[in-house]
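Understanding the architecture of this molecule
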Amino acid sequence: MVSAEILERLSATLASRREADPSTSYVAKLFHKGQEAILKKVGEEALETILAAKDGDRRHLVSEVADLWFHTMVLLANEGLSAEDVLAELARREGISGIDEKASRPVKD
Ligand SMILES: N=c1c2ncn([C@@H]3O[C@H](COP(=O)(O)OP(=O)(O)OP(=O)(O)O)[C@@H](O)[C@H]3O)c2ncn1[C@@H]1O[C@H](COP(=O)(O)O)[C@@H](O)[C@H]1O
């Protein structure tokens, strides 16, 4: 079984690409293009994920979610963050019902 360690290894690879040659690395090329280009890819992959979910092909859906996760990880790496930061946030939320959490928010005027 594949474990979440793949996310940590991928995060390390992404961080190492900050100094890599854009002509030999897709990730280095995205870093070189900057945040706008990365956000555009995240948006495209989110849309492709929605379309894949609607077409009912489960393997296609998994492939598109992998593209989405990968590009959101590039986005995090571009901000000096990693999958570990997101995993820590999910761990912090573990066991807290979304309904209870929402009800505990301060009331806005
Ligand atoms: N997981 C991935 C991964 N998933 C998707 N992609 C690439 O993401 C790109 C965008 O996918 P699209 O389907 O949108 O293709 P496209 O429309 O041609 O893309 P654009 O040219 O428009 O950006 C493709 O080139 C995919 O190959 C990935 N590229 C790299 N990785 C990982 O990142 C590591 C570092 O990659 P490099 O920096 O290229 O060495 C690799 O070893 C892998 O572990």
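Residues numbered from 1 in each chain as written. Predicted model: local features only at pLDDT ≥ 70, side-chain atom pairs only at ≥ 80, totals over all residues. Heavy atoms only, no water.

This part covers the packing of helix H1 (residues 5-16) against helix H4 (residues 58-78). Interaxial distance between H1 and H4 falls to 10 Å at its minimum, and their mutual angle equals 50°. By the angle between their directions, the pair H1 and H4 is classed as oblique. In terms of crossing hand, the pair formed by H1 and H4 is right-handed. Residues Leu7, Leu10, Ser11 and Leu14 of H1 form the contact with H4, whose own contacting residues are Trp69, Phe70, Met73, Val74 and Ala77. (Axes fitted to C-alpha atoms, helices over the stretch in contact; angles between N-to-C directions. Helix = DSSP H or I, 4+ residues; strand = E, 2+ residues; numbered from the N terminus. Parallel < 35°, antiparallel > 145°, perpendicular 65-115°, else oblique. Left-handed = near helix turned anticlockwise from the far one by under 90°. Contact = heavy atoms within 4.5 Å.)

Around the ligand sit Leu10, Thr13, Arg17, Ser25, Tyr26, Val27, Lys41, Glu45, Asp67, Phe70 and His71, and those are all the residues in its vicinity. At 2.9 Å, a side-chain N or O of Arg17 approaches an oxygen atom of the ligand. Within the backbone of Val27, a nitrogen or oxygen atom sits 3.1 Å from an oxygen atom of the ligand. For the ligand, whose unbound accessible area comes to 850 Å², protein coverage reaches 49%. Examining the composition of the shell around the ligand, we find that 3 residues originate from one element, H4, more than from any other. Class assignment for the residues of the shell around the ligand results in 4 nonpolar, 3 polar and 4 charged. (Near = heavy atom within 4 Å. Polar contact = N/O pair within 3.5 Å; in protein donor to acceptor, adjacent residues only side chain to side chain. Areas by Shrake-Rupley, 256 points an atom, 1.4 Å probe, with all protein chains shown as cover. Nonpolar A, V, L, I, M, F, W, Y, C, P; charged D, E, K, R; others polar.)

For H4, which comprises 21 residues, the first-to-last C-alpha distance of 30 Å matches the rise-based estimate of 30 Å (1.5 Å per residue) to within 8%. Those residues of H4 that fall on the buried side of the exposure criterion are Glu64, Leu68, His71, Met73, Val74, Leu76 and Ala77. For H4, the secondary structure elements touched by its buried residues are H1, helix H2 (26-33), helix H3 (35-55) and helix H5 (83-93). N-cap assignment for H4: the residue whose side-chain oxygen lies 3.1 Å from the backbone N of Arg59 is Asp57. (Expected span 1.5 Å × (residues − 1). Buried < 20%, exposed > 50% of the residue type's maximum accessible area, 1.4 Å probe, protein only.)

Low pLDDT marks regions whose predicted coordinates should not be analysed in detail. In the predicted model, the protein carries a mean pLDDT of 95, and 99% of its residues have values of at least 70. Two numbers describe this predicted complex: its pTM, 0.93, and its ipTM, 0.92. (pLDDT = per-residue confidence, 0-100.)

The tendency in soluble globular proteins is for nonpolar side chains to be buried side by side. Counting residues in each nonpolar core, the largest one holds 10 residues, listed as Leu7, Leu14, Val27, Leu30, Phe31, Ile38, Met73, Val74, Ala77 and Ala83. Put simply, the parts of the chain that give this core at least two residues each are H1, H2 and H4. (Core = buried A, V, L, I, M, F, W, Y, C linked by side-chain atoms within 4.5 Å.)

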